[in-house]
Every structure is written in C-alpha cells, then in structure tokens.
Amino acid sequence: MSTNRPRVAEPASTPFDWLDEQAGLRSAAGLVRTLRPRAADPGGLLDLASNDYLGLTRHPAIAEGAAGAARRWGGGATGSRLVTGTTELHAELERELAEFCGFEAALVFSSGYTANLAALTALAPHGSLIVSDASNHASLIDGCRLARAATQVVPHADPAAVRKTLEAHGGPALMVTDSVFSVDGDAAPLDELATACREFGAGLVIDDAHGLGVLGSGGRGAPHAAGLAGAPDTVVTLTLSKSFGSQGGAVLGPAKVIEHLVNAARTFIFDTGLAPASAGAALAALRLLRAEPERAERAREVAAELYRLLTAEGLAAVRPEAAVVSVRAPSPDGAVRWAADCRAEGLAVGCFRPPSVPDGISRLRLTARADLTDEQIADAVRVISRNAPG
C-alpha cells in the first residue's frame, strides 16, 4: 500500500502576510527588538542593565541553593501546584517569605507576571472597580484587562485622583500600584494611597517587584517600610527574579486571601509549579539577605552615587528612590545608539523606548547593584557621559 500523499499546494498568500507590514513599520520607526544571547562569562562587560539589585545571581550560596534543590527534587516541579507541583521546598519558601516581609501567608507562582494576573483576576470580581496607576507595569495592566471588574486608570502617583475615583464609584474596589516604578525608579506614595483606600473601604494591591531587597528594614520591602505589612486590607505581589537573583513570583497577604487564590486564581491552578532549582535559589537568597541586611542599604547608596555623578556631568537623571536610576534620552533612536555605544565600551545599560514607554520619555535605565565598587560606579558614569548624544 502506497504511503505517498499528494502534496498540498501552498496558498498564494498566508494568514500572516500582514506581519510583513508590521515589521516594516517597526523598522521605519526604529523600534525593532532583537534577542542578544549573553555568554556565561561576561568577559569584562559591566552589567548595569539587569534587575540583579543585590548582585546575588552568581553568588555561590544562591547557585548552590539552586543546584542542591535540583539534585534533591529534580529539574522540574512535575505538575501544577495542586497536583504534584508543590514540594516541601515550596512550602518552606512561602513560610519564610511571609515571615520576612511581615505578612500572614504567601503563595509562590512561576513568575511575578503570573502572580500579578492571579491577584487582580481573583480579587476583583464583576461589579467591582480596579483603580490603576497610569505608570503601572505591563503585568498589572494585563491583570486589569483580564479581570471581570471595571478599570479606571488614574494619573501617576496621585492619591487625590484615587480618592475622587473611589468616591465616585461607591462600591467594592481595589487600588493597584507598583511600589517602585521600573522606568524612572520613583516610589509610590503608599501611605497616602492606603489612607485613601481605607476611607472608602477599598483593598490595596502593591507590586513590590522593585522594592523587595532594597527598601524597608533589611530589604523587607516598600510595604514594610510604609507600615502596611500584615494589614488586613493590603495584598503584596513580588518577584523572585530581581533582588533574589532567581525566578518566580509570590503573593503575600491575609491567610484568607491566599486560600482564595489557591482555589480561584487560574494562573496558579493551571500552571506548572515553580521549578525546584528556582525555589531553592530564592530561599538561599532570602536567608542570605536576612544574614546580610546591609546589602539593601548598599544598593540605595550605589543609586544615590550614580545619580550624583550623572547629574554632575550635566545629564538629566531622575532622583532614585530605590535601586533604579534612569537618564533621559533625546529620542528612541538616540537611546538605542547611546546604549549601543556604551556596550561597545564594555558597559551594558538598559534602554527604555516606545512602545515599552509612552512617546517622549525614552530613557537609559541603570541598575544600582549592591556589589558595585566605587571605582566601577565612576567608570560607568564616565562611559555614559562620554557617549551621551550631542
């Protein structure tokens, strides 16, 4: 019996031909993104582009935490958290995260992104309102889009606008904000936002991705610093991939909130659990930070010194409130060229441009890592200043 089958004629056009036009538009606007695989050995490249705020990604204790967990538990979680994907290691990490940050309970996710989606979709049912800061991270924006609640975007860091919106709604509501905003590194006015939310009985959801490990006593985070840790009306999301040098995310809050997420959050129920290696690395980082709380203060010191030296060179840097330092670029193309010129001199810096940020606010973004020396800071500023667009 012949197994040959007639060849299916290829269509003259495909359903994806419209992508060619999109690619051309991106190219014409100078907005093409490309992947740049990095080598295991940085080869002398000074990295100020990552989110490794405490310099822990390559720390021996964190690497051994990952390796030891993989040796004991295997390469993957094997299933969703509700089936086979929860190990004793996950439970241990959740207990220690909650205790360290000052909350009743915690729930670990495969990423900070899925943690944000879980919190917003599960805690904002139909008929409620989400009040969202205009500068929130994309994961919070997507969580608002997926939630059954209505969403009202308010001006950036504006408690008065939050209060006005909650008053007009007059029903169940959440206010959601980053604690530290990833583009400019400015901090949200958490105490004023909490006051506004409590006036109208609204919940407060805080994404502390850029605050954990840097702000608060010993790096316990921005909510801890604002006196909101453990509050019955406050939920915190965070990532394990920045200060903790690992991978994954978590939601912290009252025990009844965490129990509800276990039963209702689709990005928890239907997602494979966090890999043991990532959980082990995060737990090792948490314990290291508890033993060496000065790392948090050093990250803030590095940020302040970067800002001081950059502004002394006449560059338009934004005063940092955590470990993110940004410098205004004249245009998207200018930002890309500036970052490329710095890289050619051995310095990796972040580059924020549309559509990641609105038109007119292209930036270089620098990470104030706790493990940077004063000499490295000064060298980095010299490279940035020397290559600044004229």
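Everything quoted here is computed from the prediction, not taken from an experiment. (Residues numbered from 1 in each chain as written. Predicted model: local features only at pLDDT ≥ 70, side-chain atom pairs only at ≥ 80, totals over all residues. Heavy atoms only, no water.)

A.B. asks: Is there a simple way to think about the environment of glycine 30 in this case?
C.D. replies: Along the chain, the position of glycine 30 falls in the loop between helix H1 (18-29) and strand E1 (46-48). Judged by its relative accessible area of 22%, glycine 30 is partly exposed. With 302 residues separating them in the primary sequence, glycine 30 and proline 332 have C-alpha atoms 7.4 Å apart. Setting aside residues up to four positions removed in sequence, glycine 30 forms contacts with Asp333 and Arg353. (Helix = DSSP H or I, 4+ residues; strand = E, 2+ residues; numbered from the N terminus. Buried < 20%, exposed > 50% of the residue type's maximum accessible area, 1.4 Å probe, protein only. Contact = heavy atoms within 4.5 Å.)

A.B. asks: Can you help me understand the nonpolar core in this one?
C.D. replies: Among soluble globular proteins, nonpolar side chains are generally buried collectively. Ranked by size, the top nonpolar core spans 88 residues in total, and within it Leu97, Phe244, Leu310, Leu347 and Ile384 carry the most contacts. The element that contributes the greatest number of residues to this core is helix H11 (residues 276-291), accounting for nine residues. The residues that make up this core include at least three from each of domain 1 (42-56 + 293-387) and domain 2 (60-291). Leave out the neighbours within four places in its chain, and leucine 347 touches Leu45, Leu46, Leu48, Cys342, Ala380, Val383 and Ile384. Phe109, Ala122, Ala149 and Phe268 belong to the second largest nonpolar core, which has 24 residues in total. (Core = buried A, V, L, I, M, F, W, Y, C linked by side-chain atoms within 4.5 Å. Domains from an automatic or database assignment.)

A.B. asks: Please clarify how the domain arrangement of the protein should be interpreted in this entry.
C.D. replies: Domain boundaries in the protein define domain 1 (42-56 + 293-387) and domain 2 (60-291). A straight line from the C-alpha centre of domain 1 to that of domain 2 covers 26 Å. Counting residues at the interface gives 21 residues for domain 1 and 23 residues for domain 2. The three residues of domain 1 that bury the most area against domain 2 are Leu56, Pro293 and Glu321, which together make up 30% of that side's buried surface. Put simply, domain 1 and domain 2 have one salt bridge between them. Note that arginine 363 and aspartate 184 form a salt bridge whose closest N and O atoms lie 2.7 Å from each other. Counting across the interface, domain 1 meets domain 2 through seven residue pairs in polar contact (both at pLDDT 80 or more). Listing elements by their share of the side of domain 1 that touches domain 2, those giving two or more residues are helix H12 (294-312), strand E9 (324-328) and strand E11 (363-367). (Buried area = accessible area lost by both parts, 1.4 Å probe. Salt bridge = Lys/Arg side-chain N within 4 Å of Asp/Glu carboxyl O. Polar contact = N/O pair within 3.5 Å; in protein donor to acceptor, adjacent residues only side chain to side chain.)

A.B. asks: Is there a simple way to explain the sheet that holds strand E5 (residues 173-178) in this structure?
C.D. replies: Within a sheet, neighbouring strands are paired by backbone hydrogen bonds and run either parallel or antiparallel to one another. The strand order across the open sheet built from seven strands is E2-E8-E7-E6-E5-E3-E4, with neighbouring strands paired in mixed fashion. Single-partner strands in this sheet number two, and they are strand E2 (105-109) and strand E4 (150-154). Across the sheet, the mean angle separating the axes of adjacent strands is 20° when strand polarity is ignored. In the sheet, strand E3 (residues 129-133) pairs with E5 via four bridges, with the strands oriented parallel. Within the sheet, the bridge partner assigned to isoleucine 130 lies in E5 and is leucine 174. (Pairing = 2+ DSSP bridges. Axes fitted to C-alpha atoms, helices over the stretch in contact; angles between N-to-C directions.)

A.B. asks: I keep staring at the side chain of threonine 87 and nothing clicks. Help me out?
C.D. replies: Along the polypeptide, threonine 87 turns up in the loop between helix H2 (60-73) and helix H3 (88-101). The exposure class assigned to threonine 87 is buried, which follows from its relative accessible area of 12%. A distance of 3.1 Å separates a polar atom in the side chain of threonine 87 from the backbone nitrogen of leucine 89.

A.B. asks: How should I be thinking about the pattern of salt bridges in this particular structure?
C.D. replies: Opposite charge on two side chains permits pairing when their charged atoms draw close. Across all of its chains, the model carries 17 salt bridges by this definition. With its nearest N and O atoms 2.8 Å apart, the salt bridge here joins aspartate 371 to arginine 369. The class for arginine 369 is buried, based on a relative accessible area of 11%. Beyond isolated ion pairs, a larger network of salt bridges with shared partners links Glu92, Glu96, Glu99, Arg287 and Arg290.

A.B. asks: Can you walk me through the packing of aromatic side chains in this structure?
C.D. replies: For any pair of aromatic rings, geometry is given as the distance between the ring centres together with the angle between the planes. Inspection of the entire model under this criterion finds one aromatic pair. Taken together, a centroid distance of 5.6 Å and an interplanar angle of 65° make the contact between phenylalanine 109 and phenylalanine 268 edge-to-face. Here phenylalanine 268 lies in helix H10 (residues 266-269) and phenylalanine 109 lies in strand E2, a separation of 159 residues in the sequence. Per residue, the accessibility class of phenylalanine 109 equals that of phenylalanine 268, and both read buried. (Phe/Tyr/Trp six-rings, centres within 6.5 Å; stacked < 30°, edge-to-face > 60°.)

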